[in-house]
Amino acid sequence: MADLTVLQTLYGKEFVSAYEQKMSYIRGTVTTEGDVKGNTFVFIVEGAADTAVTRGANGNIPYASDDQTTASCTLAEYHHLARKNNFNVVSSSAPQRLSMQRRGVVSINNKTDALILAEFSNTTYSANGGSAIAGMTINNLLEACAILDANKVPDDGERYGVLTPKAWAQVMKSTQFASRDYVSDQPFMKHTMWRDWNGVKWCRHPTLSGVGTSTASCFVYHKTSTGHGLNMGEMVTKIGQNDEHDYSWARTSAYQGAKALQLGGIVKLIHNDTTTI
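Reading the values: rules and limits
Residues numbered from 1 in each chain as written. Predicted model: local features only at pLDDT ≥ 70, side-chain atom pairs only at ≥ 80, totals over all residues. Heavy atoms only, no water. Salt bridge = Lys/Arg side-chain N within 4 Å of Asp/Glu carboxyl O. Helix = DSSP H or I, 4+ residues; strand = E, 2+ residues; numbered from the N terminus. Buried < 20%, exposed > 50% of the residue type's maximum accessible area, 1.4 Å probe, protein only. Expected span 1.5 Å × (residues − 1). 1 Å grid on protein atoms, 1.4 Å probe; cavity = no way out; pocket = protein on both sides within 12 Å on 5 of 7 lines; lining within 4 Å. Points joined across faces, edges and corners; volume = space filled by probe spheres on them. Nonpolar A, V, L, I, M, F, W, Y, C, P; charged D, E, K, R; others polar. Polar contact = N/O pair within 3.5 Å; in protein donor to acceptor, adjacent residues only side chain to side chain. Pairing = 2+ DSSP bridges. Axes fitted to C-alpha atoms, helices over the stretch in contact; angles between N-to-C directions. Contact = heavy atoms within 4.5 Å. Phe/Tyr/Trp six-rings, centres within 6.5 Å; stacked < 30°, edge-to-face > 60°.

**What to know about the pattern of salt bridges**
Now for step 1: Applying the stated criterion across every chain, the model contains one salt bridge.
Now for step 2: For R159, the salt bridge goes to D149, with nearest N and O atoms at 2.7 Å. With R159 in strand β5 (residues 159-163) and D149 in helix α3 (residues 138-150), the pair connects residues that are ten residues apart, well separated along the chain.
Now for step 3: On the basis of relative accessible area, R159 is assigned to the buried category, the value being 2%.

**A few points about α3**
Now for step 1: In this model, α3 (13 residues) spans 18 Å end to end at C-alpha, consistent with the 18 Å of a helix rising 1.5 Å per residue.
Now for step 2: Those residues of α3 that sit buried are I138, N140, L141, A144, C145, I147 and L148.
Now for step 3: Note on α3: the residue one or two positions beyond its end, K152, has a positive phi of about 65°.

**A word on the layout of surface pockets**
Now for step 1: Quantified by volume, the largest pocket comes out at close to 460 Å³.
Now for step 2: Ranked by residue count, the leading element in the lining of the largest pocket is strand β2 (residues 40-45), at three residues.
Now for step 3: Its residues assigned to classes, the lining of the largest pocket comprises seven nonpolar, nine polar and three charged.

**Overview of the side chain of S253**
Now for step 1: Note on placement: S253 falls in strand β11 (residues 247-260).
Now for step 2: A distance of 2.6 Å separates polar atoms of two side chains, one belonging to S253 and the other to H79.
Now for step 3: One polar contact links S253 to R251, side chain to side chain, over a distance of 2.5 Å.

**A few points about the sheet that holds β5**
Now for step 1: Judged by pairing direction, the sheet is mixed, and its five strands sit side by side in the order β6-β7-β5-β8-β12 without closing on themselves. Of all strands in the sheet, those bounded by a partner on one side alone are β6 (195-197) and β12 (266-271). Direction aside, the axes of adjacent strands within the sheet are offset by 25° on average.
Now for step 2: Against the sheet, α3 engages β5, β6, β7 (200-204), β8 (216-222) and β12, with an angle of about 160° to β12.

**What about the packing of aromatic side chains?**
Now for step 1: Scanning the model with the defined rule gives nine aromatic pairs in all.
Now for step 2: Between the aromatic rings of F120 and Y221, the centroid separation amounts to 4.4 Å while the plane-to-plane angle is 40°, which identifies the pairing as tilted. Taken as a pair, F120 in helix α2 (residues 96-120) and Y221 in strand β8 lie far apart in primary sequence, 101 residues in all. Comparing F120 with Y221 shows no difference in burial state: the two are buried.

Structure (structure tokens):
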């Protein structure tokens, strides 16, 4: 006798996200305080301190010079707008409105990092003489740190380094970078996004310029080397629906820009990502 059982198709109640960078890795590692002047974000850069002096021949103490400067970045509007007709929204087993919102947040976060990384690329300081490094080593990282030291960049816990995944894998072969004798996070046992080594917080960044090529850009920098302006404080997300045409929409927006403030606080390391690990 034939089995006439009616089978039901089951759909997941949650969506599976595509592989991509979902957050801003580096906005929290640069300067974000400044003054908004219309569509311009203004950063105040304090000059180096004068040499201490004794009293002058007239008995008065000479005044120090005041050489503060300003650096500005022009803000631009960036948006991500998604919409779906409501029939597809209510017919789906997954939360489609939430999906649209999440995609918008990811899009703006990626743009934030792209703007900051573009400013990093303006630096005139490079390790390895500006030539591509065939397999990142501890010596390359130390050279980058030495350049910051020579530029009198503070070693105050606000130094950061971003490496391509391939450069990260190369340097992980070094005992000094991977062993718990030198780093506290036990990298082969515990997952932490940032690793504190030699006074620099290091991380892998998947969207650095040239990633996967023979001229991938990695950077070591200080927080005050670059500014990021966002005139609404944070990104704005809006969601709603159009009753006339029966669709739902989600918009994520940010008015933002970035500016390199002190090039001496940024060191580029060009890495050959095609080198075999």
